[in-house]
Amino acid sequence: MNIRLLSAPSFLGLVCLASACDGNGPGNKDDDTGGDNDDTGEISYDEGCIVLDGGQTFAFIEDALTVAGEGSTLSLEGCGDAFDQQAVVTKGVALVGPGAEAMVWTAPVNKPAIEISGASGASVSGFTFTSTRDGIVVESSTDTALANLGFKEIANTAIVTRNSTGTSVVDSSFVSPSYGAVQVDNGTATLERNDVEN
């Protein structure tokens, strides 16, 4: 006799299969029985301190970035003095904080706090960053504006740009980044009125 023990996730998967999770059983996706989904197509997001264009609020920055359009502003000015999510920016939006002296944005472990990828005209201002990797990574983007930022306790490089043109870094401070303040790989960047402390 063979006995097979199932872990909870495997067991639950079998229960799902046994209850017609293929969409053909009762409570399937084509009718409105057996669940709260009314098939309106509307997605709701948790409300929080991140304000999109002065209106809708979000708890998670990735949700706000999903809803944001080109030219939108995401304000984190009401998020207190600490923030710890990662932002992946793929469009020309502005991320605005309360000021570098007022908020510390701590990147998730082994990730940059912000990745700007394939965007044109994105901007970031008003934060201080800490990271176990790079602080901000700009990749394949144009005309990225980084201003009024602080970088401290950065394990690698504070700002890395790759294959990007027109990046500007203005009025920012860098305190002992392990591998330097700004690294530009195959692109252009302008640096003005920045302080680097070793």
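Scroll up to find the structure.
Residues numbered from 1 in each chain as written. Predicted model: local features only at pLDDT ≥ 70, side-chain atom pairs only at ≥ 80, totals over all residues. Heavy atoms only, no water.

Visitor: Sorry, what's going on with the environment of threonine 66 here?
Guide: Structurally, threonine 66 can be placed in helix α2 (residues 61-67). For threonine 66, a relative accessible area of 55% corresponds to the exposed category. Threonine 66 has contacts with Tyr45 and Lys91, leaving out every residue within four places of it along the chain. Polar contacts involving the side chain of threonine 66 include one to the main-chain carbonyl oxygen of glutamate 62, which spans 2.9 Å. (Helix = DSSP H or I, 4+ residues; strand = E, 2+ residues; numbered from the N terminus. Buried < 20%, exposed > 50% of the residue type's maximum accessible area, 1.4 Å probe, protein only. Contact = heavy atoms within 4.5 Å. Polar contact = N/O pair within 3.5 Å; in protein donor to acceptor, adjacent residues only side chain to side chain.)

Visitor: What's the story with the nonpolar core in this structure? I'm lost.
Guide: It is characteristic of soluble globular proteins that their nonpolar side chains tend to be buried jointly. In terms of nonpolar packing, the biggest core is built from 37 residues, with Ile61, Leu74, Leu95, Trp105, Ile114 and Phe129 touching the most fellow members. Every element with two or more residues in this core is listed here: β1 (50-52), α2, β5 (87-89), β8 (114-117), β9 (123-131), β10 (136-139) and β11 (145-154). For this core, the element with the highest residue contribution is β11, accounting for four residues. Tryptophan 105 has contacts with Ile61, Leu76, Phe83, Gln85, Ala87, Leu95, Ala113, Ile114, Phe127, Thr128, Phe129 and Thr130, leaving out every residue within four places of it along the chain. (Core = buried A, V, L, I, M, F, W, Y, C linked by side-chain atoms within 4.5 Å.)

Visitor: I would appreciate a short explanation of the pattern of salt bridges in the present structure.
Guide: Should the charged atoms of two oppositely charged side chains come close, the side chains can pair. Within this structure, the stated rule accounts for three salt bridges. Where glutamate 192 meets arginine 193, a salt bridge forms, and the shortest distance between an N and an O atom there is 3.4 Å. Look at arginine 193 and you get exposed, because its relative accessible area is 55%. Residues participating in the shared-partner salt-bridge network are Asp171, Glu192 and Arg193. (Salt bridge = Lys/Arg side-chain N within 4 Å of Asp/Glu carboxyl O.)

Visitor: Got a minute to help me understand the side chain of glutamine 86 in this structure?
Guide: For glutamine 86, the position within the fold is in the loop between β4 (82-83) and β5. A polar side-chain atom of glutamine 86 sits 3.1 Å from the main-chain carbonyl oxygen of proline 112. There is a polar contact of 2.9 Å between the side chain of glutamine 86 and the side chain of glutamate 115. Leave out the neighbours within four places in its chain, and glutamine 86 touches Ile61, Glu62, Pro108, Lys111, Pro112, Ala113 and Glu115.

Visitor: Where do I start with the pairing of β11 in this structure?
Guide: The side chains of a regular strand alternate, residue by residue, between the two faces of the sheet. Pairing of β9 with β11, which is carried by seven bridges, proceeds in the parallel orientation. Looking at the pairing, phenylalanine 127 lines up with leucine 149 of β11. In the sheet, β11 pairs with strand β13 (residues 167-170) via three bridges, with the strands oriented parallel. Among the inter-strand pairings, alanine 147 is bridged to a residue of β13, identified as valine 170. (Pairing = 2+ DSSP bridges.)

Visitor: Quick question: what am I supposed to make of the packing of aromatic side chains here?
Guide: Centre-to-centre distance and the angle between the planes together describe a pair of aromatic rings. Throughout the structure, instances matching the rule amount to seven aromatic pairs. Ring geometry for phenylalanine 151 versus phenylalanine 174: centroids 5.0 Å apart, planes at 5°, classification stacked. Of this pair, phenylalanine 151 sits in strand β11 while phenylalanine 174 sits in strand β14 (residues 173-175), and the two are 23 residues apart along the sequence. Owing to a relative accessible area of 1%, phenylalanine 174 belongs among the buried residues under this scheme. (Phe/Tyr/Trp six-rings, centres within 6.5 Å; stacked < 30°, edge-to-face > 60°.)

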